[in-house]
Amino acid sequence: MPDLEIAKQTLKKKNLTLAIAKNGEIIFQSNSHGVIGLFEAIERLGRNLEGAAVADKIVGKAAALLCAYSRVNAVFASILSFKGKDTLEKNNINYEYEVL
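Residues numbered from 1 in each chain as written. Predicted model: local features only at pLDDT ≥ 70, side-chain atom pairs only at ≥ 80, totals over all residues. Heavy atoms only, no water.

Enquirer: Before we go on, may I ask you to explain the packing of aromatic side chains in this structure?
Expert: Applying the stated criterion across every chain yields a total of 1 aromatic pair. Residues Tyr 95 and Tyr 97 carry aromatic rings whose centres are separated by 6.3 Å and whose planes lie at 20° to one another, so their mutual orientation is stacked. Residue classification places Tyr 95 among the partly exposed residues on the basis of a relative accessible area of 25%. Exposure remark for Tyr 97: the relative accessible area of 35% places this residue in the partly exposed category. In this structure, Arg 47 is placed above the aromatic ring of Tyr 69, and the distance from its NZ or CZ to the ring centre is 5.4 Å. (Phe/Tyr/Trp six-rings, centres within 6.5 Å; stacked < 30°, edge-to-face > 60°. Buried < 20%, exposed > 50% of the residue type's maximum accessible area, 1.4 Å probe, protein only. Lys NZ or Arg CZ within 6 Å of the ring centre and 35° of its normal.)

Enquirer: Please explain the nonpolar core as it appears in this structure.
Expert: What tends to happen in soluble globular proteins is that the nonpolar side chains get buried as a cluster. Judged by nonpolar contacts, the single largest core of 22 residues is most densely connected at Ile 20, Leu 38, Val 54, Val 59, Cys 67, Val 75 and Ile 93. Contributions of two or more residues to this core are made by strand 1 (18–22), helix 2 (36–45), strand 3 (53–59), helix 3 (61–70) and strand 4 (74–80). Considering each element in turn, this core owes the most residues, 5 residues, to helix 3. Counting 11 residues, the second-largest nonpolar core is a separate cluster that includes Ile 6, Ala 19, Ala 53 and Ala 55. (Core = buried A, V, L, I, M, F, W, Y, C linked by side-chain atoms within 4.5 Å. Helix = DSSP H or I, 4+ residues; strand = E, 2+ residues; numbered from the N terminus.)

Structure below.
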């Protein structure tokens, strides 16, 4: 199963705000609000986030920039802002969303 699908299912099943998968397993999960979860993941995992898939409840421009900084491959957002979408596209990050 692709990492993005693993992250997305984990986000929904566990009612999390953030789930990150890499190489077929969850490497980080959080219930923090805003971009705090992404900051924690970057602090804890650093460059190990490169190539990972992120599933987040809400992705705005700041979260999208953090994903680009971390060099993740894919992002799922329950809610994606237009500026977040533009940022993901400019950084060649694959994305899926439920609500734009």
